[in-house]
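Structural characterization, general
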Amino acid sequence: MCGIVGAVAARQVSGILLEGLRRLEYRGYDSAGMALWDNGEIHRLRRAGKVQALADAQAEQPLNGTLGIAHTRWATHGRPSERNAHPHMSANRVAVVHNGIIENFELLREELIAAGYNFDSDTDTEVVAHLIDREVQSGATLLDALRKAMSRLEGAFALGVIQIDHPDRLLAARKGSPLVIGVGIGEHFIASDQLALLPVTDRFMFLEDGDIARLTVDQVEVWDRDGQPVERSVSRFEHGSGSAEKGNFKHFMLKEIYEQPAVMRSVMEGRISGERLLEQAFGNDACSLFDRTRQVQIVACGTSYHAGVVAKYWIESLVGIPCMVEVASEFRYRPVVLPEGTLLITLSQSGETADTLAALRDVRERVLGTLAICNVPGSSLVRESDITLMTNAGPEIGVASTKAFTSQLVALMLTTLALGRRNGILSETEAQIIAALKQLPDLLQQLLALDPEIEQMSSAFAEKHHALFLGRGALYPIALEGALKLKEISYIHAEAYPAGELKHGPLALVDKDMPVVTVAPSNDMLDKLKANLQEVRARGGELFVFAGQDQSIKPEAGVSVIRLPAMPVLLEPIAYTLPLQLLSYHVAVLKGTDVDQPRNLAKSVTVE
Ligand code: G6P
């Protein structure tokens, strides 16, 4: 969490820093600040609240300078407040911005207090500023001071550092938290992700774990964890910068929901030829890895975890090999059994989720191989996995994940096909599945036409405090995802159950105040599901059903039905997601919540 940005240039950088922070605000938004070197001093401006509060303060009492660092915070140590906002400083000589967690900060803090340093905040970050200052005061160069400070830090961090005696340089370091360097002409930048810097450059250098970088206007020098100078390659950003703009949409989330037909095309692009999957899409080592795979272990968090649960249904039914799915924060802290021939699949929009990354690092030596399905090129998960499949969904800004989820599902279906080739998926079946996938863009486009109907339905939820979501089979994880979306952005308590579990508990909650949302495509589970719906009606529960073409589910008093077009069974989990996303969106808009940046949440959870 938290976003950092920094710049060294010949021009004024405060505007670049503020725009960078606005673009990083999805990572955290409880306070923001910046520090600029100007005329022999480091000046700092900080505000509690969103980046706009900082921008307003900057308009009133502008900071000037051609060297600066900035930060938007998601509190971990110390409550959100101006005094805990970054940058943190040591004796007005060193300023530091930090993303991550310093685990041993309490010990370091005691040591620094004993050495005469005063602490102005409750954060773990402040120790970094004092450690660097102490080294500089005892004669170290700034670079060595940062290196020595780093060697004392336990935990995860990305750092940006400026120092009063060096108006020409910006230092950066990373271990475990993301940091990219933006390469300009006669100016250089750092940021937590590329999006922050797209207005000023499209060329990026990714730092490896343990790297330290020194940026001046005309040079970027990098040293690796052993202190050896290294070259890190520069690559161009792959998406147009327009994809990080809201355009005519009221919220990023709505824009991202509407982008899904196009995203379905881009996740399949270059990976399918005629009626066949191109296995090269997974990279050169993929074939031999898939050949030897005997079971799959999927690990992920949040929405990505729900995509993993869908894949379990697909892999076990189509490939016929076992597939386990677990949330990363559980998986990493228990002694897991990984039978021989296990392929570990990590799923992550950002590629930087701390628990998912830790799970990968913990077990990668004990599995056959690792596949990352991810949306951010160059992210840690991508770089540390054996093979990768990018979801190509383009930048996702809304904190509640939408297009990243449906693109993960398509990527997982492609993975199912790749695994199935060795394990009995016939080429006719592969051809049928690919023909089905190709219908997705048009199908999702048709579903978007249901938006006005869904918006109308949403009014029934605005005054409710609870909701229950039901699904069966591969639609059960879609119910989970629907409930997660609703609680994330509308703050309505929502739970999802496999409909068959209804009578084992949740039925006790059903009354007229508990809307029950059901995903009920016309598949072979429909009769069972209808019986479950009767149980709800019999208790006075109000039903909101997303149904297929089967006419036996009819709208009547207490039953609202939105009918989806006929579709191949395989596409149901992907297609039925979209109306649930729209439902949550409209409920949140009616409730007036902050749709793109819901309270207490962050897009990229880079701390435990
Ligand atoms: C956070 C986000 C979710 C996301 C989850 C996992 O909780 O708010 O939208 O699903 O992290 O993130 P990842 O980037 O690993 O998919």
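Residues numbered from 1 in each chain as written. Predicted model: local features only at pLDDT ≥ 70, side-chain atom pairs only at ≥ 80, totals over all residues. Heavy atoms only, no water.

Inspection of every chain in the model, using the stated rule, returns 32 salt bridges. Asp 122 is the partner of Arg 83 in a salt bridge, and the nearest nitrogen-oxygen pair spans 2.9 Å. Note that Arg 83 is positioned in the loop between strand S4 (67–73) and strand S5 (88–90) and Asp 122 in the loop between helix H3 (105–114) and helix H4 (126–137), a separation of 39 residues in sequence. Residue Arg 83 is classed as partly exposed on the basis of its relative accessible area, which comes to 41%. Among the residues examined, Asp 122 registers a relative accessible area of 35% and is labelled partly exposed. Two residues, Arg 214 and Glu 221, come together in a salt bridge whose shortest N-O distance is 3.1 Å. Within the structure, one salt-bridge network assembled from shared partners comprises Arg 174, Asp 209, Arg 361, Arg 364 and Glu 384. (Salt bridge = Lys/Arg side-chain N within 4 Å of Asp/Glu carboxyl O. Helix = DSSP H or I, 4+ residues; strand = E, 2+ residues; numbered from the N terminus. Buried < 20%, exposed > 50% of the residue type's maximum accessible area, 1.4 Å probe, protein only.)

This part covers the sheet that holds strand S25 (residues 516–520). Pairing is parallel across the open sheet formed by 5 strands, whose spatial order is S24-S23-S25-S26-S27. Lying at the two open borders of the sheet, with one neighbouring strand each, are strand S24 (493–498) and strand S27 (559–563). Between one strand axis and the next, the sheet turns by 20 degrees as a mean value, whatever way the strands run. Sheet analysis places strand S23 (residues 466–471) next to S25, joined by 3 bridges and oriented parallel. From the neighbouring strand, Phe 469 faces S25, where its bridge partner is Val 517. (Pairing = 2+ DSSP bridges. Axes fitted to C-alpha atoms, helices over the stretch in contact; angles between N-to-C directions.)

A few words on the site of the ligand. The full set close to the ligand counts 13 residues, and Ser 304, Ser 348, Gln 349, Ser 350 and Thr 353 are the nearest of them. For the ligand, an oxygen atom lies 3.0 Å from a polar atom in the backbone of Thr 303. At 2.7 Å from an oxygen atom of the ligand is found a main-chain nitrogen or oxygen belonging to Gln 349. For the ligand, the protein covers 89% of the area, taking 390 Å² as the surface of the free molecule. Residues of the shell around the ligand, tallied by class, amount to 4 nonpolar, 8 polar and 1 charged. (Near = heavy atom within 4 Å. Polar contact = N/O pair within 3.5 Å; in protein donor to acceptor, adjacent residues only side chain to side chain. Areas by Shrake-Rupley, 256 points an atom, 1.4 Å probe, with all protein chains shown as cover. Nonpolar A, V, L, I, M, F, W, Y, C, P; charged D, E, K, R; others polar.)

Counting buried positions along helix H1 (residues 14–24) gives 8 out of 11 residues, so the element sits mostly inside the fold. Along H1, the residues classified as buried are Ser 14, Ile 16, Leu 17, Leu 18, Gly 20, Leu 21, Arg 23 and Leu 24. Residues of H1 that are buried sit in contact with strand S1 (3–8), strand S2 (31–38), helix H2 (51–60), S4 and strand S10 (188–191). (Contact = heavy atoms within 4.5 Å.)

With that out of the way, let us pick up the packing of aromatic side chains. Under the definition given, this model contains 3 aromatic pairs. For Arg 599, the ring lying beneath its charged end belongs to Tyr 491, and the centroid distance is 3.8 Å. (Phe/Tyr/Trp six-rings, centres within 6.5 Å; stacked < 30°, edge-to-face > 60°. Lys NZ or Arg CZ within 6 Å of the ring centre and 35° of its normal.)

Our next topic: the side chain of His 130. Looking at the element boundaries, His 130 is found in helix H4. Taking the relative accessible area as the measure of exposure, His 130 reaches 2% and is therefore buried. Excluding residues within four positions of it along the chain, His 130 makes contact with Met 89, Ser 90, Leu 112, Tyr 117, Asn 118 and Phe 119.

Attention now moves to the sheet that holds S4. With antiparallel pairing, the 8 strands of this open sheet are ordered in space as S3-S2-S4-S1-S10-S9-S11-S15. One side of each edge strand has no neighbouring strand; the edge strands of this open sheet are strand S3 (41–48) and strand S15 (234–236). Here the strands of the sheet are splayed against their neighbours by 20 degrees on average, with no regard to which way each runs. Both strand S9 (residues 180–183) and strand S11 (residues 203–206) contribute to a ladder of 3 bridges, which runs antiparallel. Bridge pairing in S11 places Val 180 opposite Phe 206. Each of S1, S2, S4 and S10 is contacted by H1, which is oriented at about 160 degrees to S1, the strand it contacts most.

With that settled, the discussion passes to the UniProt feature "active site" (unreviewed entry) in the protein chain. Here, UniProt's "active site" (unreviewed entry) annotation points to Cys 2 and Lys 603. Across 602 residues in sequence, these annotated residues keep their C-alpha atoms within 9.8 Å of one another, forming a single compact spot. You can see Cys 2 is positioned in the segment before S1. Residue class for Cys 2 comes out buried when judged on its relative accessible area of 8%. Leave out the neighbours within four places in its chain, and Cys 2 touches Arg 27, His 71, Thr 72, Arg 73, Trp 74, His 98, Asn 99 and Ser 192. Residue Lys 603 is classed as buried on the basis of its relative accessible area of 11%. (UniProt positions renumbered as here; feature names shortened; annotations may be inferred.)

A few words on unusual backbone geometry. Omega for the bond connecting His 86 with Pro 87 falls within 30 degrees of zero, at -5 degrees, which places this linkage in the cis form. In this structure, Pro 87 sits in the loop between S4 and S5. Even without being a glycine, Asn 39 presents a positive backbone phi close to 55 degrees. In this structure, Asn 39 sits in the loop between S2 and S3. Residue classification places Asn 39 among the exposed positions, given a relative accessible area of 71%. Of note, Asn 600 is a non-glycine position whose phi angle comes to about 65 degrees, a positive value. Turning to its location among the elements, Asn 600 is positioned in the segment after helix H19 (572–591).

In this section: the nonpolar core. Counting 90 residues, the largest nonpolar core has Phe 282, Leu 440, Phe 461, Phe 469, Phe 546 and Tyr 576 as the members making the most contacts within it. Beyond its immediate chain neighbours, meaning those up to four positions away, Phe 282 contacts Leu 277, Phe 290, Leu 371, Ile 387, Thr 388, Leu 389, Leu 414, Thr 415 and Ala 418. (Core = buried A, V, L, I, M, F, W, Y, C linked by side-chain atoms within 4.5 Å.)

As a further point, take the pairing of S10. Burial of S10 is two-sided: the residues His 188 and Ile 190 facing one way and the residues Phe 189 and Ala 191 facing the other way are all buried. For S1 and S10, the ladder comprises 4 bridges, and the chain directions are antiparallel. Considered in S10, the bridge of Gly 6 is made with Ile 190. Where S9 folds back on S10, the antiparallel hairpin that results is connected by 4 residues, among which Gly 186 adopts a positive phi of roughly 70 degrees.

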